[in-house]
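# What the coordinates show
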Amino acid sequence: MREAVDAWTFVMAAYAVGVGATLGLVAWSWLTMRRAEARRDQSRKR
Amino acid sequence: MHGFANPARFLRIARWLTPLCLGIGLVVTALALGWGLFLSPAEKLQGETVRIMYLHVPTAWLGMAGWIGIAGASFAQLVWRHPLAGIAARACAVPGAVFTAVCLATGSIWGRPAWGTWWVWDGRLTSMLVLLFLYLGWIALARASEDAGRGAGQGQGAAPAIFGLLGAINIPIIHYSVLWWNTQHQPPSITAGKSAIAGDFLWPLLLAMLGFTLVFAGVVFARMRAILADQQAEARLRRKAGAPGDFATDFEPAF
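Residues numbered from 1 in each chain as written. Chains lettered and ligands numbered in written order. Predicted model: local features only at pLDDT ≥ 70, side-chain atom pairs only at ≥ 80, totals over all residues.

### Describing the overall build of chain B
Rules: Under the scheme used here, helices are H or I runs from DSSP no shorter than 4 residues and strands are E runs no shorter than 2 residues, and both carry numbers assigned from the N terminus. Put plainly, a residue is buried at 20 or more neighbouring C-beta atoms within 10 Å of its own, exposed at 12 or fewer, and partly exposed in between, counting only other residues' C-beta atoms, which are placed from the backbone. Working definition of a contact: two residues with C-beta atoms, positioned from the backbone, lying within 7 Å.
Within chain B one finds seven helices and two strands. Counted from the first residue to the last, chain B has its helices and strands arranged as α-α-α-α-α-α-β-β-α. Out of the 255 residues in chain B, the part that is buried amounts to 45%. Within chain B, contacts between residues at least 6 apart in sequence are counted, and of these 74% link residues at least 24 apart.

### Things to note about the overall build of chain A
Assigned secondary structure in chain A consists of one helix and zero strands. Counting over 46 residues, chain A shows a buried share of 22%.

### Structural notes on the nonpolar core
In summary, soluble globular proteins display a tendency toward joint burial of nonpolar side chains. Just so we agree on the cut-off: Joining buried Ala, Val, Leu, Ile, Met, Phe, Trp, Tyr and Cys residues through C-beta atoms within 7 Å gives a set, and that set is a nonpolar core.
Of all hydrophobic cores here, the largest spans 74 residues; its most connected members are B:Ile70, B:Ala88, B:Cys92, B:Ala93, B:Val220 and B:Met224. Counting residues per element, the ones that place at least two in this core are helix H1 (7-45) of chain A together with helix H1 (7-39), helix H2 (53-79), helix H3 (85-115), helix H4 (123-151) and helix H7 (199-241) of chain B. In terms of residue count, the dominant contributor to this core is H7(B) (19 residues). In this structure B:Met224 touches B:Ala14, B:Ile87, B:Ala88 and B:Ala91, once residues within four positions along its chain are discounted.

### Quick word on the interface of chain A and chain B
Stated formally: Side-chain classes follow a simple rule in which Ala, Val, Leu, Ile, Met, Phe, Trp, Tyr, Cys and Pro form the nonpolar group, Asp, Glu, Lys and Arg form the charged group, and the remainder, Gly included, forms the polar group.
With 25 residues of chain A at the interface, the matching set in chain B holds 31 residues. Residues that form the side of chain A that touches chain B fall into these classes: 15 nonpolar, five polar and five charged.

### Concerning the packing of H1(A) against H7(B)
Condition: Under this scheme, a helix contributes an axis fitted over its contacting stretch, all axes are lines through C-alpha atoms, and angles between N-to-C directions fall in the 0 to 180 degree range. Our angle categories are set so that under 35 degrees counts as roughly parallel, over 145 as roughly antiparallel, 65 to 115 as roughly perpendicular, and the remainder as oblique. Each helix crossing is assigned a hand: it is left-handed if the near helix lies turned anticlockwise from the far helix by less than a right angle, otherwise right-handed if that turn is clockwise.
At a minimum axis distance of 8 Å, the contact between H1(A) and H7(B) shows a crossing angle of 25°. Taken together, the axes of H1(A) and H7(B) lie roughly parallel to each other. When the axes of H1(A) and H7(B) are compared, the crossing they make is left-handed. Per-class residue counts for the contact of H1(A) with H7(B) are twelve nonpolar, five polar and eight charged.

### As for the confidence of the model for chain B
Convention followed: For every residue, the predictor states its confidence as a pLDDT score lying anywhere from 0 to 100.
When pLDDT is averaged across chain B, the result is 88; 88% of the residues are at 70 or more. For this predicted complex, the interface score ipTM comes out at 0.90, while the overall pTM is 0.89.

### Considering H3(B)
All names here are of chain B. For clarity, the cut-off: Each helix should span, by expectation, one fewer than its residue count multiplied by 1.5 Å.
Here H3 contains 31 residues, and its C-alpha end-to-end distance of 42 Å stays within 8% of the 45 Å for a straight helix at 1.5 Å per residue. The element H3 is largely enclosed, with a buried count of 26 among its 31 residues. At the exit of H3 stands Gly116, carrying a positive phi of roughly 85°.

### Let's talk about the packing of H2(B) against helix H5 (residues 159-167) of chain B
In helix packing, the relevant descriptors are the interaxial angle and the interaxial distance, both defined with respect to the helix axes. Residues and elements named next belong to chain B. The contact between H2 and H5 brings their axes to 8 Å, and the two run at 130°. Here H5 runs oblique to H2, going by the angle between their axes. The hand of the H2/H5 crossing is left-handed. On the side of H2, the interface is formed by Trp67, Ile70, Ala71, Ser74, Phe75, Gln77 and Leu78, while H5 contributes Ala161, Gly164, Leu165 and Gly167.

### Brief notes about unusual backbone geometry
All names here are of chain B. Located in the positive-phi region is Arg81, a residue other than glycine, with phi close to 55°. As for its position among the elements, Arg81 is in the loop between H2 and H3. When the 13 C-beta atoms within 10 Å are taken as the criterion, Arg81 is described as partly exposed.

### Re the environment of B:Ser74
All names here are of chain B. Along the chain, Ser74 turns up in helix H2. Its 25 C-beta neighbours within 10 Å are what place Ser74 among the buried residues. Considering only alpha carbons, one finds Ser74 and Leu165, 91 residues apart in sequence, at a separation of 6.5 Å. Here Ser74 is in contact with Ala89, Ala161, Gly164 and Leu165, once residues within four sequence places are set aside.

### Things to note about the environment of B:Ala144
By secondary structure assignment, the location of B:Ala144 is in helix H4. On the neighbour-count criterion, B:Ala144 (13 C-beta atoms within 10 Å) is partly exposed.

### What about the environment of A:Gly20?
Residues and elements named next belong to chain A. As for its position among the elements, Gly20 is in helix H1. The exposed category is assigned to Gly20, around which 11 C-beta atoms lie within 10 Å. Expressed as a C-alpha distance, the spacing of Gly20 and Arg35, which sit 15 residues apart in the sequence, is 22 Å.

Here is the structure:
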């Protein structure tokens, strides 16, 4: 016998994983880039 | 393409292309996912879970596209010794691994209500899992190779490039796995020139693929800029210390 499942729970879980990971990746990459470029600009001034 | 491989020229273009790709990509992705989540209909057999497809298919595509990027860059590094090729491969690896992991996770979440199980060892799922392990191995190898090269005052070695080319053999295996083996995973719904998906589902899916691809491109550009900036700062310190620099970063970009 198959248990009753609420499809929307699975849909929301998938969107939370997918959107969260994508936004996290974008934020991480952007901040890493900004910090690295700031370090480079600082090393030029020294 | 050879002209674009000049780091200074690349930086001039990437400076405006990075926010453009990320901005448009995020907006298009949000519109596509909103369309898929709230406006597109439920499917007759899959019901509401069909909405997971708008995330799962683009991330599967980008998981494979990331490795195709690594393999292409590896080829350019080995054959033409492009100064940006190794950097491009490194920039593709992490987003490729993240999207492969998201593809596996969303596929597993979809599989529970649709198949009654979180996981089956069928050809498509297993070859995607192998792709994730290839990414993790490649990232570790590239980091070790970079550390060894930095110690010797050189750039990234050839080992990750060879691994990148050899690992590309998994891409056709993933693609044809649903045709070669009688698997749980359904055969491809979109092939060259035709689609088995109705327009109500196809258009938000294509829009999501476009949005995610732009986000992926923006992330790769951002990561390339970060690697280049790190190498430039380090090369400057090396020059001040009188040590040999990296061939890829011995230049002064015109800002």
